[in-house]
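Chains, contacts and geometry: an overview
The primary structure of each chain is shown beneath.
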Amino acid sequence: MSLLTPDIAARLTANARTRIDAVRRGLREPDPRPVVRFFNPVGAATWLATELDPDGILFGLADLGFGCPELGSFSLAELEAVRLPFGLGIERDLLFEAQHPLSVYAAAARAAGSVVLGERRLAAAARRLSGRA
């Protein structure tokens, strides 16, 4: 089963083309918002992806649940091939809507030791700033 809809794949591919174009032109690389969030429904792994290349390699923030989230590349085919207990696999967060550029998620995740904890801290900070604490 594919983890990506055609619309999500198109957005990821467009981000990859934009970055490649910026690099070729000697411009600062863009810092897009993540397009999609994947997670392990029975574990701690989480991935936020911003780009997809023609070979099915995603780029984004990967957190395998060991306390050291990092930016890098990961294979869409490998995510789709994962078989977990109870017949489950890696899932796409259907409600995910990025609020920040990838660099903000990465900094928060590194400081918290987890993408999920970093996201919670970012949400709490946003609530405090808006007076909804």
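Here, residues in each chain are numbered from 1, in the same order as that chain's written sequence. The model is predicted, so local features are restricted to residues of pLDDT at least 70 and side-chain atom pairs to those at 80 or more, both for listing and for counting; the totals for chains, interfaces and linings are taken over all residues. Side-chain descriptors were evaluated using all non-hydrogen atoms of the structure, hydrogens and water having been removed beforehand.

Quick word on the pattern of salt bridges
This is how the line gets drawn: Salt bridges are defined by distance alone: a side-chain nitrogen of Lys or Arg within 4 Å of a carboxyl oxygen of Asp or Glu. We count a stretch as a helix when DSSP gives it H or I for four or more residues in a row; a strand needs E for two or more, and each element gets its number in order from the N terminus.
Under the definition given, this model contains five salt bridges. Among the salt bridges present, the one from Glu51 reaches Arg19, with a minimum N-O distance of 2.8 Å. A residue pair is termed long-range when its members are at least 10 positions apart, and Glu51 in strand S2 (residues 46-52) and Arg19 in helix H1 (residues 6-24) qualify at 32 residues. As a salt-bridge pair, Arg37 and Asp93 come within 3.2 Å of each other at their nearest N and O atoms.

Brief notes about the environment of Arg37
Formally: Contacts are assigned to residue pairs with any non-hydrogen atoms lying within 4.5 Å of each other. Here a polar contact is recorded for every N or O atom pair within 3.5 Å, except that within protein the pair must consist of a potential hydrogen donor and a potential acceptor, and residues adjacent in sequence are included only if both atoms are side-chain atoms.
Mapped onto the secondary structure, Arg37 falls in strand S1 (residues 36-39). As a C-alpha pair, Arg37 and Ala98 span 61 residues in sequence and 8.9 Å in three-dimensional space. Those residues in contact with Arg37, other than ones at most four positions away along the chain, are Thr46, Trp47, Leu48, Glu91, Arg92, Asp93, Phe96, Val116 and Glu119. A distance of 3.0 Å separates a polar atom in the side chain of Arg37 from a polar atom in the side chain of Glu119.

Digging into the pairing of strand S3 (residues 57-63)
Where we set the bar: The buried label goes to any residue with under 20% of its type's maximum accessible area, the exposed label to any with over 50%, and the partly exposed label to all in between, with areas taken from a 1.4 Å probe on protein chains only. Should DSSP find at least two bridges between two strands, the strands are taken to pair.
Burial analysis of S3 places five of its seven residues in the buried class, the great majority of the element. Where S2 meets S3, six bridges bridge the pair, whose relative direction is antiparallel. When the bridges of S3 are listed, Ala49 appears paired with Gly60. Bridge count for S3 against strand S4 (residues 70-75) is six bridges, and the pairing is antiparallel. Note on S4: the bridge partner recorded for Phe59 is Ser73. Between S3 and the antiparallel strand that follows it, S4, lie six residues; Gly65 among them carries a positive phi value of about 90 degrees.

Overview of the pairing of S2
Consecutive side chains of a regular strand alternate in pointing toward one face of the sheet and then the other. Taken across its seven residues, S2 has seven buried, putting it largely inside the fold. In this sheet, S2 lies alongside S1 in antiparallel orientation, the contact comprising four bridges. Across the sheet, residue Val36 finds its bridge partner in S2, namely Ala49. Linkage of S1 to S2, two consecutive antiparallel strands, is achieved through a turn of six residues. Two successive antiparallel strands, S2 and S3, enclose a turn made up of four residues, where Gly56 displays a positive phi of approximately 85 degrees.

Focus: helix H4 (residues 115-130)
Note on helix geometry: an α-helix contains 3.6 residues per turn, so any two residues three or four positions apart are oriented the same way. For the record, the criterion: The length a helix should cover is 1.5 Å for every residue beyond the first.
Taking 1.5 Å as the rise per residue, H4 with 16 residues should run 22 Å; its terminal C-alpha atoms sit 22 Å apart, in good agreement. Turning to H4, its buried residues number three or more, namely Val115, Gly118, Glu119, Leu122 and Ala124. Next to the buried residues of H4 lie S1, S2, S3 and helix H3 (102-112). With a side-chain oxygen lying 3.2 Å from the backbone nitrogen of Val116, the N-terminal cap of H4 falls on Ser114. Looking one or two places after H4, you find Gly131, whose phi comes out positive at around 85 degrees.

Considerations on the packing of aromatic side chains
Quick reminder of the rule: Pairing of aromatic rings covers Phe, Tyr and the six-membered ring of Trp, with a centre-to-centre limit of 6.5 Å; geometry is then stacked below 30 degrees between planes, edge-to-face above 60, and tilted otherwise.
Enumeration according to the criterion identifies one aromatic pair in this entry. Ring geometry for Phe96 versus Tyr105: centroids 6.4 Å apart, planes at 55 degrees, classification tilted. In terms of burial, Phe96 and Tyr105 fall into one category: buried.

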